[in-house]
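Fold and geometry: a report
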Amino acid sequence: MQKMNLHVCALALLLFGSIATVRGRAVDLVDDSNDVDNSIEAEEEKPRNRAFEADWLKFTKTPPTKLQQADGATIEIVCEMMGSQVPSIQWVVGHLPRSELDDLDSNQVAEEAPSAIVRVRSSHIIDHVLSEARTYTCVGRTGSKTIYASTVVHPPRSSRLTPEKTYPGAQKPRIIYTEKTHLDLMGSNIQLPCRVHARPRAEVTWLNNENKEIVQGHRHRVLPNGDLLISEIKWEDMGNYKCIARNVVGKDTADTFVYPVLNEED
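Figured I'd write up the structure that's included with this text. The shown structure was predicted, so the numbers you read here are calculated from the model rather than taken from an experiment. Just so you know, the residues in each chain are numbered from 1, in the order the chain's sequence is written. Local features in this predicted model are restricted to residues whose pLDDT is 70 or higher, and side-chain atom pairs enter the listing and the counts only when it is 80 or higher, whereas totals over whole chains, interfaces and linings include all residues. Each side-chain value is worked out from all heavy atoms of the structure, with water and hydrogens disregarded.

**Thoughts on the sheet that holds strand β14 (residues 228–230)**
Taking strand neighbours across the sheet as the criterion, the 3 strands line up as β10-β14-β13 in an open arrangement whose pairing is antiparallel. Of all the strands in the sheet, just β10 (190–192) and β13 (220–222) have a single pairing partner and so form its edges. Ignoring strand direction, the axes of neighbouring strands in this sheet form an average angle of 20°. Sheet topology places β13 next to β14; 3 bridges connect them, and they run antiparallel. Looking at the pairing, R221 lines up with L229 of β14. Pairing between two strands is assigned when DSSP locates at least 2 bridges connecting them. Numbered from the N terminus, helices here are DSSP runs of H or I no shorter than four residues, and strands are runs of E no shorter than two. Orientation is described by axes fitted as lines to C-alpha atoms, over the contacting stretch for helices, and by angles from 0 to 180 degrees between their N-to-C directions.

**What about the pairing of strand β6 (residues 117–126)?**
Where burial is concerned, most of β6 is hidden: 10 out of the 10 residues are buried. Burial status follows relative accessibility: with a 1.4 Å probe on protein chains alone, a residue under 20% of its type maximum counts as buried, one over 50% as exposed, and anything between as partly exposed. Because side chains alternate across β6, one face comprises the buried residues I117, R119, R121, S123 and I125, and the other comprises V118, V120, S122, H124 and I126, equally buried. As paired strands, strand β4 (residues 75–84) and β6 are joined by 10 bridges and run antiparallel to one another. Bridging across to β6, M82 finds its partner in R119. Where β6 lies against strand β9 (residues 171–185), 6 bridges are found, and the strand directions are antiparallel.

Written as structure tokens, this is what we have:
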């Protein structure tokens, strides 16, 4: 297979992401009137001297504009985006003015990866009964670029006058933060996230691109938070890596495709 450069890969992934969004967007919506793009882009700052002329960040899946919670139901709101470097996603609960969203400090540690192109997926779990309508905003950031989209979740009609309570009992794992695709130059160190919502706590393991369980070694390490660190990626590292989260109730899995890219200067 020919080794593609970063710019060609970016164009291919953007096209694929756009097609996936069109096909998948309506699944989570309450009604047809919600089939709109509710995302907002903050004003872009001056570009910096990196692999790309400017920071860029695009939604590949926007969350629905509104959802109705059913009695006893757990809600998962999903948000996906792709951009330069390593985009971070965080969720804000409650309504915030646009100016405050633009200035919001990220609770994700930004990775130093100026040559990376990453598609990241995050979900917010509501595992309690709401007593009133509430706004949940997915905020994405990379470098100087910020985008966001909000979902208003309406409570079950029967619970609007009752105190909010978390659902009792154990919960199967749900992987709530992961990367769908990670491209970076050969020789780079990459960290693939696998953050899990579960009760009791889930055990996380990874399978490599040969579908074998990863053991701690010189170039591959599973971190205490569940992330997979791959040092100095090589062409033979290309392929699908699977995160598996298990507890006594069940399991969840998430796949990340890693694509080492040939440096144009090589």
